[in-house]
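# Structural overview for review
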Amino acid sequence: MNTVELVKLLSKAYGPSGWEGQVRDVIKKMAEDRGFECRVDTLGNLICHRAPTSADNMAEAAPQKLLMAAHMDSLGLMVTRITGDGYLKFGKLGGIAPMDIVGLPVRFANGTVGTIHANSGTEAKDLSFDRLYIDLGVSKKEEAEKYVKVGDVAVYDSPCYVSANGKYITGPYMDDRACCAMMLLAMEQLEESENDLYFVFTVQEEVGTRGAQTAGYGVDPDMAFIFDVTDSNDVPGGEADATCCTGKGPAVMIMDSSVICHPAVVAHIEETAKALKLKVQRDVCLVGGTDGGPIHKGRGGVPTGGVSLPLRYMHTPQETACIKDIEEGAKLIAAAVCRA
Amino acid sequence: MNILDDLERLCTETAPSGFECNVSGLCAGILEPFVDEIYVDPMYNVVGIRRCGRENARKLMICAHIDEIGLIVTGHEEGFLRFGQLGGVDQRMLPGREVTVLSKKRHFGVIGAAAPHGASPESMNKSIPMKDLRIDVGLSQKRAEREIPVGTPVSFRSPFFELGKDCVCSKSLDDRACFLAVCRAAELLKDRQLHWDVYFVGTISEEVGLRGATMTSFAIDPDVCIASDVCQAWTPDCKPTDYISKLGEGPRMPIGANVAPAVAHGITAAAAEKRIPVQITVSPSRTGTDAWAVQTQREGIATAVLSLPLRYMHTPQEVINLRDLELLGELMAEFALEPGEEVRTCLNI
């Protein structure tokens, strides 16, 4: 499976925060195919383990335990009420702006599809979740209830496609399925290593980095690497809002609002990139947190760093990333975690 | 220890949140003569331990944070640096400030803004948003990009000096002054018999979310923790209704949900015994200090906060009274020696 096929497969899998079962099954199979021992913890995090492979692990000291994390949950829309004529009112799971989802096709776990619309006559400035609804193409509450219940969650059903020049991939949920793909690609190019490696696909990041908190506690690592998307500055009007852009390579995490990366981990990733002759950027993200927040504060503290994937249009149904950035990110991760 | 000298060394060192590696060694060096064991953990938290000699001893943690607020470089614009904040920086005080850019080869910088000539009358009464300000390092774009990469931390640069009688003015008194009070407590406890093991801790990254306190309190697993931090002291522009502490009237202790009553009682009793004045204030919910993170760590930790009154918090010209600092150290030492009937009964010490 090539990168594009992998990203498409993952971004289409159903898995909003709290309901990650379907996407987890897809990832688990791929991790097992790559020889990892997988377990699912109480909150639903998928923890994929590879024991040390090199002879040095006969040394007396315990092998260094590394945790790598990308979140597998996505944004979602939860049904809160079904109107008499069968329209669905909903709330959000994660950070969604109403302007981004008008006219959007959505899909429920059971495959039911619908479209989001705003109350007739609503002006752009008045858009709010109160004025949005999902149309399932039914006309009665009883009919809608055959397909959807209050509490069910819809995900974006927008298409996933490659740009005309073949360089970019657009679709829902590049955040953070593109990084899940990056991690899976890294998992198949690992070198021999004396490190004890735990690749974790976390749950409920979009609603408060909840899975990472228990996964970090459970794995109890010596060092952690976080893989998430970051805003890019190569969009009109966004020049000063971010420190990196798409197409210029993966970005070494310096900080976000939840973690300031450990200088030694930052240096290690940058040195690895240099050794691999990979061009990298630096990511200083002033708004928004990642799984790195709870993981680096876990137990007695964990030196933490990471690789960010620059992304256009974060949290919209058309998130856009550069395919080469994903592939080079995977290369960087694979080498960095084996050599740490 | 020499309070004034050590305070100057601590405050003039540069260590914004997340970049404490510059100051951890210095902190450990000041604390080391007064403790049995000392270490800097992998996150640069500083921990010194006095053992009481009992098996399975109870544990008291006394902490203050060692990070300072600062800035971080986010981009380059014709040689000028764009920046974001590390911790709660007051944008009103930014124009005209001097900074040290903590690149491999350090650079001095100034934060400038367009001259007032020709500015509209309305804009003269407004502060300039941080996102519109730049750091001037006097470099070309090419050199700035090469020598000061994105992600470089920046520290405020201001002199340390004595102000009038008993006061000092400096950057980073929040919270290095309290860390020095923690060291002073350790010094006062040297060679004294203890009921419990006492952990003297310098925590990292308080200004960005009480992070080092979260880690160290898990690792140490104390029974009681006193977090020491600065609190706002009265200045003439405060409203008459603001009930806040005053410089020179002793340490402050808040009462509220973040403070275990038994510990507060013990501190009050220790203060009364030694005739140390304490300014009592009320903090109904979160105190905004390390105690907030420590309180809910593991199965819950009995916390209290002892504060050092400070004027002009989060500016490069913070002001404290050295007498308050000394009394704060004495009070923490006194509590460690005699935590009061309630705490002793509760912990069986």
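Residues numbered from 1 in each chain as written. Chains lettered and ligands numbered in written order. Predicted model: local features only at pLDDT ≥ 70, side-chain atom pairs only at ≥ 80, totals over all residues. Heavy atoms only, no water.

### Quick notes on the overall build of chain B
- For chain B, the count of helices and strands is ten helices and 17 strands.
- By the compact-globule yardstick of 20 Å for 349 residues, chain B fits well, its C-alpha radius of gyration being 21 Å.
- By its C-alpha atoms, chain B is 70 × 45 × 35 Å across when sized along the principal axes.
- Scored against the burial criterion, the 349 residues of chain B give a buried share of 59%.
- Within chain B, residue pairs in contact and separated by at least 24 positions form 77% of the contacts whose partners lie at least 6 positions apart. (Helix = DSSP H or I, 4+ residues; strand = E, 2+ residues; numbered from the N terminus. Rg over C-alpha atoms; globule rule 2.2 N^0.38 Å. Buried < 20%, exposed > 50% of the residue type's maximum accessible area, 1.4 Å probe, protein only. Contact = heavy atoms within 4.5 Å.)

### Comments concerning the nonpolar core
- Judged by nonpolar contacts, the single largest core of 80 residues is most densely connected at Phe-199, Phe-201, Phe-227 and Val-337 of chain A.
- By residue number, the principal contributor to this core is helix H4 (residues 174–187) of chain A, which donates eleven residues.
- When neighbours within four sequence positions are excluded, Phe-227 of chain A is seen to be in contact with Met-68, Ala-69, Ala-70, Asp-176, Cys-179, Met-182, Met-183, Val-307 and Ile-333 of chain A.
- Judged by nonpolar contacts, the second largest core, of 70 residues, contains Cys-183, Val-230, Ile-267 and Phe-335 of chain B. (Core = buried A, V, L, I, M, F, W, Y, C linked by side-chain atoms within 4.5 Å.)

### Section: the side chain of His-195 of chain B
All names here are of chain B.
- Tracing the backbone shows His-195 in the loop between helix H5 (173–189) and strand S12 (197–203).
- Engagement of the side chain of His-195 in a polar contact is seen with the backbone oxygen of Leu-337, the distance being 3.0 Å.
- Separated by 3.5 Å, the side chains of His-195 and Arg-344 make a polar contact.
- When neighbours within four sequence positions are excluded, His-195 is seen to be in contact with Cys-52, Arg-54, Ala-336, Leu-337, Glu-338, Pro-339, Arg-344 and Ile-349. (Polar contact = N/O pair within 3.5 Å; in protein donor to acceptor, adjacent residues only side chain to side chain.)

### Re the sheet that holds strand S14 (residues 251–255) of chain A
Residue and element names in this part refer to chain A.
- Spatially, S1-S2-S12-S3-S13-S16-S14-S15 is the arrangement adopted by the eight strands of the open sheet, whose pairing is mixed. Each of the sheet's edge strands pairs with one partner strand only, and the pair in question is strand S1 (37–40) and strand S15 (281–284). Neighbour-to-neighbour, the strand axes of the sheet open up by a mean angle of 30 degrees, direction not taken into account.
- Bridging between S14 and S15 involves four bridges; their strand directions are parallel. Looking at the pairing, Ala-251 lines up with Gln-281 of S15.
- The sheet contacts of helix H5 (residues 210–219) involve strand S2 (46–50), strand S3 (65–71) and strand S12 (196–202), and relative to S12 the element is tilted by about 160 degrees.
- The strands that helix H8 (residues 323–339) touches are S2, S3, S12, strand S13 (223–231) and strand S16 (304–311); relative to S16, the one it contacts most, it runs at about 170 degrees. (Pairing = 2+ DSSP bridges. Axes fitted to C-alpha atoms, helices over the stretch in contact; angles between N-to-C directions.)

### Concerning the packing of aromatic side chains
- Across all of its chains, the model carries six aromatic pairs over all chains by this definition.
- Arranged with centres 6.2 Å apart and planes meeting at 85 degrees, the rings of Tyr-217 of chain A and Phe-218 of chain B form a pair that is edge-to-face. With Tyr-217 of chain A in helix H5 and Phe-218 of chain B in helix H6 (residues 211–220), this pair bridges two chains.
- On the accessibility criterion, Tyr-217 of chain A (46% relative accessible area) is partly exposed.
- In this structure Phe-218 of chain B comes out as buried when scored by relative accessible area, which is 11%.
- For the ring pair Trp-196 of chain B and Phe-335 of chain B, a centre distance of 6.1 Å and an interplane angle of 50 degrees mean the geometry is tilted. (Phe/Tyr/Trp six-rings, centres within 6.5 Å; stacked < 30°, edge-to-face > 60°.)

### Considerations on the interface of chain A and chain B
- At the interface, 22 residues of chain A touch 24 residues of chain B.
- Sorting the residues of chain A by area buried against chain B places Ile-260, Arg-282 and Lys-297 of chain A first, and these three jointly supply 28% of that buried surface.
- Summed over the shared surface of chain A and chain B, the result is zero salt bridges.
- Taken together, the connections running from chain A to chain B amount to four residue pairs in polar contact (both at pLDDT 80 or more).
- Elements with a minimum of two residues in the side of chain A that touches chain B: S14, S15 and helix H7 (292–297) of chain A.
- A per-class count over the side of chain A that touches chain B returns eleven nonpolar, seven polar and four charged. (Buried area = accessible area lost by both parts, 1.4 Å probe. Salt bridge = Lys/Arg side-chain N within 4 Å of Asp/Glu carboxyl O. Nonpolar A, V, L, I, M, F, W, Y, C, P; charged D, E, K, R; others polar.)

### Quick look at the domain arrangement of chain B
Residues and elements named next belong to chain B.
- Domain boundaries in chain B define domain 1 (3–68 + 171–347) and domain 2 (70–116 + 129–156).
- Placing a centre on the C-alpha atoms of domain 1 and another on those of domain 2 gives a separation of 32 Å.
- In total, domain 1 and domain 2 occlude about 1,100 Å² of area from one another, counting both sides; carbon and sulfur atoms represent 60% of this.
- Where domain 1 meets domain 2, there are zero salt bridges. (Domains from an automatic or database assignment.)

### Observations regarding unusual backbone geometry
- The omega torsion across Asp-175 of chain A and Asp-176 of chain A is 10 degrees, close enough to zero to call that bond cis.
- Here Asp-176 of chain A is to be found in helix H4.
- In this structure, the amide linkage connecting Asp-174 of chain B to the following residue, Asp-175 of chain B, adopts the cis form with an omega of 15 degrees.
- Within the secondary structure layout, Asp-175 of chain B lies in helix H5.
- A positive phi angle, near 50 degrees, is found at Leu-210 of chain B, a position not held by glycine.
- If you trace the backbone, Leu-210 of chain B turns up in the loop between S12 and H6.
- Overall, Leu-210 of chain B belongs to the buried group, its relative accessible area being 14%.

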